[in-house]
Amino acid sequence: MADVGVLSAHLLASFQRQLFGQMATQGHDRLRPRHGAVMAYLDRDGTRASELSERSGAHKQVIGTLVDELEELGYVTRRPDPADRRAKLVVPTELGLDQMTKARAFIGEMERRYAEAVGEDRFATFKAVFAEIAGS
């Protein structure tokens, strides 16, 4: 059996292929897996780039480049943070909110399929253990 790194990579690749394939059929064909470092961690009301970096584990410069790309694609905009005028929030646009809603729904479907395939209890245990390991 492959080690946990290889298994994790295979799971991520399969997950991204399914998710971004589905997003493409729903009008979001210009998004790429790299954009997940922003879109997967973005709050509906906006999130500072430094927080996106922290949540995703991506370097601040990478997040800045991704936000630039997503802004150009129409998924996000930058706005002053009302809590600190010097800071900017990355805020999803209507297009961004549509993608976020559709992605969450599809991820829910994928997780239901995984649970059906291996059993709900086993999948719940897998997810809990995976979260514990990923958080350590």
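See the structure above.
Predicted model, so just to flag it, every value in this text is computed and none were measured.

**Some points on the overall build of the protein**
And step 1. In terms of regular secondary structure, the protein is built from six helices and three strands.
And step 2. Order of helices (α) and strands (β) in the protein, N terminus to C terminus: α-α-β-α-α-β-β-α-α.
And step 3. Expressed as lengths along the three principal axes of its C-alpha atoms, the size of the protein is roughly 50 × 35 × 25 Å.
And step 4. Per-residue burial over the protein gives 29% buried out of 136 residues.

**Observations concerning helix 5 (residues 94–118)**
And step 1. Compared with an ideal rise of 1.5 Å per residue, which puts 25 residues at 36 Å, helix 5 spans 36 Å between its outermost C-alpha atoms and is within 8% of the ideal.
And step 2. Among all positions in helix 5, only G96, Q99, M100, A103, F106, G108, M110 and A115 are buried.
And step 3. Just past helix 5, the residue G119 takes up positive phi, approximately 100 degrees.

**Section: the pairing of strand 3 (residues 84–92)**
And step 1. In terms of strand pairing, strand 1 (residues 47–48) meets strand 3 through two bridges, oriented antiparallel. The residue bridging T47 from the neighbouring strand is V90, located in strand 3.
And step 2. Direction of pairing for strand 2 (residues 76–81) relative to strand 3: antiparallel, over a ladder of six bridges. In the sheet register, D81 faces strand 3, and the bridge partner there is D84.

Rules used in this analysis
- Residues numbered from 1 in each chain as written.
- Predicted model: local features only at pLDDT ≥ 70, side-chain atom pairs only at ≥ 80, totals over all residues.
- Heavy atoms only, no water.
- Helix = DSSP H or I, 4+ residues; strand = E, 2+ residues; numbered from the N terminus.
- Buried < 20%, exposed > 50% of the residue type's maximum accessible area, 1.4 Å probe, protein only.
- Expected span 1.5 Å × (residues − 1).
- Pairing = 2+ DSSP bridges.

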